[in-house]
Amino acid sequence: MSDNNSPFAWLGLLKWSLAYSDGTRPADDTIEPMSKEDKEFLEKVMKEGIIDEGERMKTILKDLTDGLESMLKGGGTDGGSEEEKRKELSEDDMLDLFQELRDIVEQIDYARAFMAMGGIPFLLGCATTEGNVPKSIRKAALSVMATMCQNNPPVQLNLLEVGHIPHFIQLFFDYTPTEENGYVGDDSIREKVVQALSASIRGHSMAEHVFCKNEQGRLMLQIGIGMTQEEGKTEQQPKPSAQLRRRCMFLLRALLTADDTTNERWEQYKNVIAYICTHETNPAWEDDAEIREISIAMLTQLLKQKPSPTEDGGTADEISVASTTIAQHKNDIAAIGIKRIKEIRALDKDCEEREYSSLELEEWEQLMVALAEATHTPYTTGGGDDGAPPLAVCPM
């Protein structure tokens, strides 16, 4: 066998096993101990054929650290030492390593192991540090962090302890189109920021609480779903990409419908809830069906949800700020909903659009029922005209 690490070493092990065991020897035959040479051969095959993921993560971390250090120092110049030149990696090489790392840390235990070896500060630095870090490297680092954090409380807590939330929020704003930069941004990076931020706080009560207390974090989500960013401005920034809006809406739903959500949190997001009622459910404004479905389902859930006790240990309020806010826009919701339900029901049952819109129809019907139950008011046609005749919406 060659001394090189062959990817087919396992085949050698199989051939060796077959050569020395044909399956015909009686079970009660005495089996002779392996010779020293056989043991060494078997150990060599096993060592070469099995990858130690822990050691591999260390190697990847070292290679990426050296490569980025060389890149940020302007690697490839004539003045660089031979050692520095050996450490240089191309951008594509580093992206391949990030992808391999992401595949490894999909397993919760390996994610925690990578955290233990100092991987979190490295990834956070790659994503948020100022300097000439390529956008592709920033996005790759964010993707790895999002994978590590998913349903992994120790990693979420570690990120919280190193203060990642303000860094992520600032990175989002760095790539947000504004009047100052000529409304030129990069939604691909903002999408990755929200993805990583969402994975790092969803389901972690303390992280959710810290984020909701951050005024810039609330502004980030308002921008992400397309609300007007600055009061007094007549211009609106370009509409965020559908992917960015989806990810922001997904995070908003998690924050506003968490089991421990209080009236205080709903009060902080009161204007966002109102915007969802009047805009995010409306096909005339929001052309993405998935976002409308998320928005409608969120309103239904908020109408049914009771606030949790206050953070100081006080008793829970009987009146829900979220439900009250939605009720204030009941006629706007009814006008949009009844019109949309009519449109979907009028479609031919066999047409593709009807099938595509079936979930939205179901969500609308549930919202209309929840709205009627919460407000004890029949839904009406028209936007805000209390004198309009009620129109019952009955499931088909």
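Conventions and cut-offs
Residues numbered from 1 in each chain as written. Predicted model: local features only at pLDDT ≥ 70, side-chain atom pairs only at ≥ 80, totals over all residues. Heavy atoms only, no water. Axes fitted to C-alpha atoms, helices over the stretch in contact; angles between N-to-C directions. Helix = DSSP H or I, 4+ residues; strand = E, 2+ residues; numbered from the N terminus. Parallel < 35°, antiparallel > 145°, perpendicular 65-115°, else oblique. Left-handed = near helix turned anticlockwise from the far one by under 90°. Contact = heavy atoms within 4.5 Å. Nonpolar A, V, L, I, M, F, W, Y, C, P; charged D, E, K, R; others polar. Buried < 20%, exposed > 50% of the residue type's maximum accessible area, 1.4 Å probe, protein only. Polar contact = N/O pair within 3.5 Å; in protein donor to acceptor, adjacent residues only side chain to side chain.

The subject of this paragraph is the packing of helix H7 (residues 119-128) against helix H10 (residues 164-174). Where H7 contacts H10, the axes come no closer than 10 Å and their chain directions differ by 20°. Relative to H10, H7 is oriented roughly parallel. For the pair H7 and H10, the sense of crossing is left-handed. Contact with H7, carried on its side by Leu124, Ala127 and Thr128, involves His164, His167, Phe168 and Leu171 of H10 and no other residues of that element. When grouped by side-chain class, the residues that make up the contact of H7 with H10 number four nonpolar, three polar and no charged.

A word on helix H13 (residues 215-225). H13 sits mainly inside the fold: eight of its 11 residues count as buried. Listed as buried for H13 are Gly217, Arg218, Met220, Leu221, Gln222, Ile223, Gly224 and Ile225. Buried positions along H13 lie against H10, helix H11 (187-201), helix H12 (205-212), helix H14 (242-256), helix H15 (263-268) and helix H16 (270-280). One side-chain oxygen of the residue at the start of H13 lies 2.9 Å from the amide nitrogen of Gln216, identifying that residue as Asn214.

Let's shift gears to the environment of Ala199. Structurally, Ala199 can be placed in helix H11. You can call Ala199 buried: its relative accessible area is 3%. For the pair Ala199 and Asn151, spaced 48 residues apart in sequence, the C-alpha to C-alpha distance is 7.7 Å. In contact with Ala199, other than residues within four places in its own chain, are Ala146, Cys149, Gln150 and Gln156.

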